[in-house]
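# Commentary on secondary and tertiary structure
The residues making up each chain are set out below.
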Amino acid sequence: QLVESGGGLVQAGGSLRLSCAASGRTFSRYAMGWFRQAPGKEREFVAAVTWSGYSTFYGDPVKGRFTIFRDNAKNTVYLQMNSLNPEDTAVYYCAADPNLNKVVATSATYWGQGTQVTVSS
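Below, the structure is looked at part by part.

Rules and cut-offs
Residues numbered from 1 in each chain as written. Predicted model: local features only at pLDDT ≥ 70, side-chain atom pairs only at ≥ 80, totals over all residues. Heavy atoms only, no water. Helix = DSSP H or I, 4+ residues; strand = E, 2+ residues; numbered from the N terminus. Buried < 20%, exposed > 50% of the residue type's maximum accessible area, 1.4 Å probe, protein only. Contact = heavy atoms within 4.5 Å. Polar contact = N/O pair within 3.5 Å; in protein donor to acceptor, adjacent residues only side chain to side chain. Salt bridge = Lys/Arg side-chain N within 4 Å of Asp/Glu carboxyl O. Pairing = 2+ DSSP bridges. Axes fitted to C-alpha atoms, helices over the stretch in contact; angles between N-to-C directions. Phe/Tyr/Trp six-rings, centres within 6.5 Å; stacked < 30°, edge-to-face > 60°. Lys NZ or Arg CZ within 6 Å of the ring centre and 35° of its normal.

Turning our attention to unusual backbone geometry. Located in the positive-phi region is Asn75, a residue other than glycine, with phi close to 55°. On the secondary structure map, Asn75 appears in the loop between β7 (66-71) and β8 (76-81). Since its relative accessible area comes to 15%, Asn75 is described here as buried. Even without being glycine, Ser83 reaches a positive phi, approximately 50°.

Glancing now at the environment of Arg36. Mapped onto the elements of the fold, Arg36 is located in strand β4 (residues 31-37). Judged by relative accessible area, which is 6%, Arg36 ranks as buried. Each residue touching Arg36, except ones within four places of it in the same chain, is listed here: Glu42, Arg43, Glu44, Val46, Pro61, Val62, Phe66, Glu87, Asp88, Ala90, Val91 and Tyr92. Only 2.8 Å separates the side chain of Arg36 from the side chain of Asp88, close enough to count as a polar contact.

Attention now moves to the pattern of salt bridges. One pass over the structure, following the stated rule, counts five salt bridges. In this structure, the salt-bridge partner of Arg36 is Glu44, at a minimum N-O distance of 2.7 Å. Ionic pairing is found between Arg65 and Asp88, a salt bridge with its closest N-O pair at 2.8 Å. Placement of the pair is Arg65 in the loop between β6 (56-58) and β7 and Asp88 in the loop between β8 and β9 (90-97), with a sequence separation of 23 residues. A network of salt bridges, in which partner residues are shared, links Arg36, Glu44, Arg65 and Asp88.

Moving on, we come to the sheet that holds β7. Sheet architecture is open: four strands sit in the order β1-β3-β8-β7, paired in antiparallel fashion. Each edge of the open sheet carries a strand with a single partner, namely β1 (2-5) and β7. The sheet shows a mean angle of 15° between the axes of neighbouring strands, direction not considered. The pairing of strand β3 (residues 16-22) with β8 spans six bridges and is antiparallel. Within β8, the position partnered with Ala21 by the bridge is Thr76.

On to the environment of Ser5, then. Assignment of secondary structure puts Ser5 in strand β1. For Ser5 and Leu18, which are 13 residues apart along the polypeptide, the C-alpha to C-alpha distance reads 5.7 Å.

Glancing now at the packing of aromatic side chains. Working definition: an aromatic ring pair is given by the centre-to-centre distance plus the angle between the planes. Enumeration over the complete set of coordinates arrives at six aromatic pairs. Measuring from centroid to centroid gives 5.6 Å for Phe27 and Tyr110, while their planes differ by 85°, and the two rings are edge-to-face. With Phe27 in the loop between β3 and β4 and Tyr110 in strand β10 (residues 110-111), this residue pair connects regions lying 83 residues apart in the sequence. Judged by its relative accessible area of 1%, Phe27 is buried. Summarising the aromatic geometry, the rings of Phe69 and Tyr78 are spaced 5.0 Å apart at their centres and angled 20° between planes, so their arrangement reads as stacked. Classification of Phe69 as partly exposed rests on a relative accessible area of 30%. Taken together, the ring pairs connect Phe27, Tyr30 and Tyr110 into an aromatic cluster. Just above the ring of Trp51 sits the side chain of Arg29; from NZ or CZ to the centre is 4.1 Å.

This is how it looks when you write it as structure tokens:
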């Protein structure tokens with residue numbers, strides 16, 4: 001089970017940190033990622049991290065602003081979001097899969113329920 005938290009309402013230019021806590025199994029050997037879906041739009045890849053945490057990948061809209069990192073001891077992955085703008089408004093989901101390619105391709109096996117992020121202008 002994956003449970004996201006940390007969403008909320010923030011003004012443009014602000015920051016938020018999302019957390020995704022895993023339970024029920026150990027995800028330390030899983031690649032994990034963050035995705036988002038805005039109303040009327042398809043789910044979009046945001047970021048992914050390998051099981052070791054050494055390699056990270058980002059979607060173009062968030063490069064240089066968002067950072068994904070993980071703490072395997074806590075079975076948790078984080079998404080630090082800086083310089084937020086209204087286009088970042090969406091429901092954010094975390095996902096996990098043993099295969100990094102499936103995470104990046106938005107076809108991971110395990111998904112959380114999502115947390116709402118709203119950025120006001």
